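Chain by chain, the residues:
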Amino acid sequence: MKAAVIVFPGSNCDTDCFHALRDVVKVPVEYVWHKDRHLPKVDLVVIPGGFSYGDYLRTGAIARFSPVMESVIQHANDGRAVLGICNGFQILLEAGLLPGAMLRNKTLEFICKHAWIRTEENLTIFTGQMEPGETLCVPIAHGEGNYYCDDDTLKSLHDHSQVVFRYCSEDGKTGDAFNPNGSKDHIAGIVNKKKNVLGMMPHPERSSEAILGSSDGLKIFESILNALE
Amino acid sequence: MPSLDSTTPITAELIAAHGITTEEYQHIRDILGRDPNITELGMFSVMWSEHCSYKNSKPILKLFSKMNAELPRQENLLVKPGQENAGIVDIGDGLAVCFKIESHNHPSAIEPFQGAATGVGGILRDIFTMGARPILLMNSLRFGDLAQPVSQRLFRGVVAGIAHYGNCMGIPTVGGDVYFDASYEGNPLVNAMALGIIKKDEIVRGAAHGIGNPVYYVGATTGRDGLGGAAFASKELSEQSHEDRPAVQVGDPFMEKLLMEACLELLKTDALVGMQDMGAAGLTCAGCETASRASTGVEIDLAFVPRRETGMIPYEILLSESQERMLVIVKKGKEKEVEDIFEKWDLHAVKIGEVTKGDKYRVMDSGKMAAEIPAKALADDGPVYTREEEKPAYLEDAQKLDLTAIHEPKDFNAVLKRLLSHPSIASKAWVWQQYDHMVRTDTVFYPGHDAALIRVKGTHKGIAVSTDCNSLYVYLDPLEGGKIAVAEAARNVVCSGARPIGLTNCLNFGNPMKPEIFWQFHNAVSGIIESCKTLEIPVTGGNVSFYNESPQGAIYPTPTIGVVGLIDNIEKRVPSAFQNEGDVIFLAGETFNEIGGSHYLMIEHGLKQGLPPRLNLAREKALHQFILAAADGKKLVSCHDLAEGGLTVALAECCLKSEAGLGARIQGLNGLRKHGTALRDDALYFGETQSRVVISVKPEHQKEVKTLAQKQGVALCEIGKVDGDALVLEERIHVSVREMTNLFENWIPNIMERQ
């Protein structure tokens, strides 16, 4: 498996994703600058977190117009894997690769802490190594992670088994008390209908090594590796 | 303000309005051999302000360099205080750390969000200007009584501003300290610290070497924001200060992120000669300092400076403190390479001048001379004053404390609960959860530990950092308080298993023209030096912030200390909190009848009184050596220092910060009572005697730990066990960990989210 990490001006989790892929998951990975129209031949494209273009206007709203995004959309349409984390998720929403939008967190404050998420679907390339219902401890760090969509979209997401992760308690219960940002239906991550594009607010690259407090996020990378290798 | 152009006559009023004294004006005339024009007057006024010239503190700050020179391991101090934008210390394997702490108090008092945000931006530029990649941020904050709405507004704004800038930059804010006290009402303190990592052979100097080398202006455009900010920072806050709002800069962290990446990319080429950020005093400071350091001249033409406003005159362009700008000196012939890098990052990179022969900083405006000043005179030859000192009158009364008049409370449980819910002691998670403290995936100890700990990828090393200052101690006894500030920050670093390697300080005081304030300043610095000498920690630099006074009076003297430690093998790190049931708990260090200046005395008896605890530096040093030896042998499960609230609060923190909510059963305090003569129970439980830590140890390692303590001459007393789900001390304390957690965690969110 080969991976690419897209770098936008203002990306700041690009080196973290690169490190997790190269040094922990141990797959070949390269950076792709946002001005490059051409995407190298890779199996997985990672759109990392950060503040692309300073998040001016709206999170992810300007990044979607970067030259590289056309190739990323083509890559996704070809059925190959795309993982958008945090700001990367927001960019995927703005680019129309995933449905819905992001609102400010319900507290109106930036939140950085470990969150528990529950695996809702394990029949995806991103979650194959998890049991259905398995909980993972993965950090969140965002000011706008309050996922929103209309009721029809939500129904469609559920009908097509697109809701992959939901915020929960350590023992897997969902509820407002365990939802850090107010997101609709406690959604933390969704895939597209073809299930080759995952957007998630929590950061698996920040929880891929025990020394960082949790290595649960590694399971997501290992699932991808297992599916694409 | 009347228009300021070349025809403006230099009147006595205009000179006074620039904060320049008659003697200083004469000095300027001597330097120039003529009267300055208005542009030059403005340049002198910002460069000779306290903020840039340290004119009132220099004679005292020199004592740091003198102390450094007497320390062992001199060779590890790669960049010394005052030489460059930040100090640098060798950490081995070809790597070094570059760090500094700086204040942004006055801007934050007027506009908390932007004031704090640009404070972060400024300190980060100081780090990457040296060629280092910033890897962590810390901050030390002081506000008035949190019950006051104005304090809440400032607290909320400052925290959001720091979060805004640091998070967007992608540099984790990993810790710091926050205290609340009425003395900071109207004059909060915002001290930001940054640390970067650098290869020893890639250190960049802020010097304009090489006659004919081009001088580039890179980064954001220049506007009228922050005009004269350095001068603004050098006066007391008054009721009218809010009218100074234009002197507060506006930050753009996205721009700074691009600037940082571009500068660090430039560093990897061989085109770079020198770099200097345009912070306080903007283009004036950057131009004359780079020339002065290289003993060259610099000539620029303002016509090339990118601007965001029309009609700006030379005076404004030179004094603007618009953020996110740098001056870069590159090798002649490498211009294209340099311009390509900045173009990649969509940044301005404009050649505005070049390095010249001679010693002048010459500023042209479309080919017409706007200013010409000897660079060294402007940068380094500012006036230096030895201020009058006088022991403050308040001390005699404030230091009085009659212990016999202090009645011990009946209910120690109630005291513990009150302490845990005092905002200075209670959890600051509300603060640090707004900071991205994990980005870069190197944060090993999160905020809330004694010290933050960051791994260095590609090595086994870890960098531990702690900031500290108990300003009530400094108020009550500046010398002892200064000593303790160092000891405590160093102890925090040592508790994590790291050896202190360097120290930066941010000296926040009132108006230095007042002899009593200057006496506080001098004594606190003497205290810092005493501790650094014994603990062998070099001072790498820092910042002085005077004039921290509001109409209510001066703040408590607050010499904030940031200590950086190195751990060679990060697997030997030691967490602060208890880890396993059944581990044995020891108290290391002796306990005396010391409740003066304690939070117990303040909260329970309403007294900010007495002599603070005495620091015995030999004992402190022995304690550090014991902890480091035990950590190196992996014999410590946890180690936590005793600070505000003493033994009981320290034990409570070890319980409530443990992941599993572990309790502790403490029955062995009689061993401590034997030490002193008639040790009071309130002193034993809540006193703040220095040089003490609580450690937990696996039962099978007890003997070795005792042997290590004996070797260093450290008193070690087995006091109990990690056990159950409550903190129990003899018959006096019994509180469940759940209840303590509720008080500790919820106090600040409850206040801040009530509105």
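Residues numbered from 1 in each chain as written. Chains lettered and ligands numbered in written order. Predicted model: local features only at pLDDT ≥ 70, side-chain atom pairs only at ≥ 80, totals over all residues.

A. The arrangement of the overall build of chain B in detail. Per the secondary structure count, chain B includes 27 helices and 28 strands. Taking 27 Å as the expected radius of gyration for a compact globule of 755 residues, we find that chain B reaches 26 Å, a close match to that expectation. Along the first, second and third principal axes, the C-alpha set of chain B runs to 85 × 55 × 50 Å. By the burial criterion, 62% of the 755 residues in chain B qualify as buried. At a minimum sequence separation of 6, the contacts of chain B that also span at least 24 residues come to 84%. (Helix = DSSP H or I, 4+ residues; strand = E, 2+ residues; numbered from the N terminus. Rg over C-alpha atoms; globule rule 2.2 N^0.38 Å. Buried ≥ 20, exposed ≤ 12 C-beta atoms within 10 Å, placed from the backbone. Contact = placed C-beta atoms within 7 Å.)

B. The arrangement of the overall build of chain A in detail. Within chain A, the secondary structure is distributed over five helices and 11 strands. Whereas a compact globule of 229 residues would reach a radius of gyration of roughly 17 Å, chain A reaches 16 Å, a difference of no more than 12%. Summarising its shape, the C-alpha atoms of chain A cover approximately 45 × 35 × 35 Å along the three principal directions. Burial status across chain A gives 54% buried among its 229 residues. Here the analysis covers contacts within chain A between residues at least 6 apart in sequence; of these, 76% occur between residues at least 24 apart.

C. The nonpolar core, seen in detail. The biggest cluster of nonpolar side chains holds 321 residues, and the ones touching the most others in it are Met47 and Cys655 of chain B. Those residues in contact with Cys655 of chain B that sit more than four places away from it in its chain are Phe578, Leu662, Gly663, Ala664, Leu727, Val737 and Met740 of chain B. (Core = buried A, V, L, I, M, F, W, Y, C linked by C-beta atoms within 7 Å.)

D. Representation of the environment of Phe8 of chain A within the structure. All names here are of chain A. Positionally, Phe8 belongs in the loop between β1 (3-7) and α1 (14-25). Here the alpha-carbon distance between Phe8 and Gly49, two residues 41 residues apart in the chain, equals 9.7 Å. Once residues lying within four places of it in the same chain are set aside, the contact partners of Phe8 are His34, Ser52, Tyr53, Ala63 and Ser66.

E. Looking closely at helix α10 (residues 253-267) of chain B. The end-to-end C-alpha separation of α10 of chain B is 21 Å, in line with the 21 Å expected for 15 residues at 1.5 Å each. Most of α10 of chain B sits inside the fold, with 13 of its 15 residues counted as buried. (Expected span 1.5 Å × (residues − 1).)

F. Examining the sheet that holds strand β13 (residues 368-374) of chain B more closely. All names here are of chain B. Taken in spatial order, the seven strands make up an open sheet running β8-β10-β7-β11-β9-β12-β13, and their pairing is mixed. Each edge of the sheet is formed by a strand with only one pairing partner; in this case those strands are β8 (272-277) and β13. Taken pair by pair, the neighbouring strands of this sheet meet at an average axis angle of 25°, ignoring direction. Direction of pairing for strand β7 (residues 214-219) relative to strand β11 (residues 348-356): antiparallel, over a ladder of six bridges. Across the sheet, the residue bridging to Gly219 is His348, located in β11. (Pairing = 2+ DSSP bridges. Axes fitted to C-alpha atoms, helices over the stretch in contact; angles between N-to-C directions.)

G. Broad picture of the pairing of strand β9 (residues 297-301) of chain B. Residue and element names in this part refer to chain B. One ladder, built from four bridges, connects β9 with β11; its direction is antiparallel. If you follow Glu299 over to β11, its bridge partner there is Glu354. One ladder, built from four bridges, connects β9 with strand β12 (residues 360-365); its direction is parallel. By the bridge assignment for β12, Ile300 is matched with Val363.

H. Just the sheet that holds strand β2 (residues 87-92) of chain B, in detail. Residue and element names in this part refer to chain B. Strand order in the open sheet formed by six strands is β1-β2-β3-β6-β4-β5, with mixed pairing between adjacent strands. Edge strands, defined here as strands with exactly one partner in the open sheet, are β1 (77-79) and β5 (173-180). When the angles between neighbouring strand axes are averaged without regard to direction, this sheet yields 25°. Note: strand β4 (residues 133-143) against β5, seven bridges, orientation parallel. Bridge assignment links Leu137 to a residue of β5, and that residue is Thr173. On the sheet, helix α7 (residues 112-128) packs against β3 (95-103), β4 and β6 (189-199) and is oriented at approximately 25° with respect to β6.

I. Representation of the pairing of strand β22 (residues 584-588) of chain B within the structure. Residue and element names in this part refer to chain B. Judged by how many residues are buried, β22 sits mostly within the fold: five of five residues are covered. A two-sided burial pattern is seen for β22, the buried positions comprising Val584, Phe586 and Ala588 on one face and Ile585 and Leu587 on the other. Pairing analysis gives five bridges linking β22 to strand β26 (residues 716-722), with the strands arranged antiparallel. Opposite Ala588, over in β26, you have Leu716 as the bridge partner.

J. Highlighting the interface of chain A and chain B. In this complex, chain A contributes 21 residues to the contact, which on the side of chain B involves 21 residues. Going through the elements one at a time, α1, β6 (111-119) and β7 (135-142) of chain A are the ones with two or more residues in the side of chain A that touches chain B. The dominant element in the side of chain A that touches chain B, judged by the number of residues it contributes, is β6 of chain A, at three residues. Per-class residue counts for the side of chain A that touches chain B are 11 nonpolar, five polar and five charged. (Nonpolar A, V, L, I, M, F, W, Y, C, P; charged D, E, K, R; others polar.)

K. Spatial organisation of the environment of Gly633 of chain B. Residue and element names in this part refer to chain B. Checked against the element boundaries, Gly633 lands in the loop between α22 (617-632) and β23 (638-641). With 13 C-beta atoms counted inside 10 Å, the residue Gly633 sits in the partly exposed group. When the C-alpha atoms of Gly633 and Glu704 are compared, they prove to be 9.5 Å apart, with 71 residues separating the residues in sequence.

L. Focus on the packing of helix α23 (residues 646-656) of chain B against helix α27 (residues 737-752) of chain B. All names here are of chain B. It is the contact of α23 with α27, at a shortest axis distance of 10 Å, that shows an interaxial angle of 100°. One way to sum up the angle between α23 and α27 is to call them roughly perpendicular. Within the contact between the two elements, α23 uses Ala652, Cys655 and Leu656 and α27 uses Val737, Met740, Thr741 and Phe744. When its residues are assigned to classes, the contact of α23 with α27 shows six nonpolar, one polar and no charged. (Parallel < 35°, antiparallel > 145°, perpendicular 65-115°, else oblique.)

M. Local environment of the confidence of the model for chain B. With 96% of its residues at a pLDDT of 70 or more, chain B shows a mean pLDDT of 94. Both confidence scores are given for the complex: pTM 0.96, ipTM 0.97. (pLDDT = per-residue confidence, 0-100.)

N. Spotlight on unusual backbone geometry. Residues and elements named next belong to chain B. Residue Tyr54 is not a glycine yet carries a positive backbone phi of 55°. In this structure, Tyr54 sits in the loop between α4 (50-53) and α5 (58-68). Among the residues examined, Tyr54 registers 19 C-beta atoms within 10 Å and is labelled partly exposed. For Glu324, which is not glycine, the phi dihedral falls at a positive 60°. Among the structural elements, Glu324 can be located in the loop between α12 (314-319) and β10 (325-330). What makes Glu324 buried here is the crowd of 26 C-beta atoms within 10 Å.

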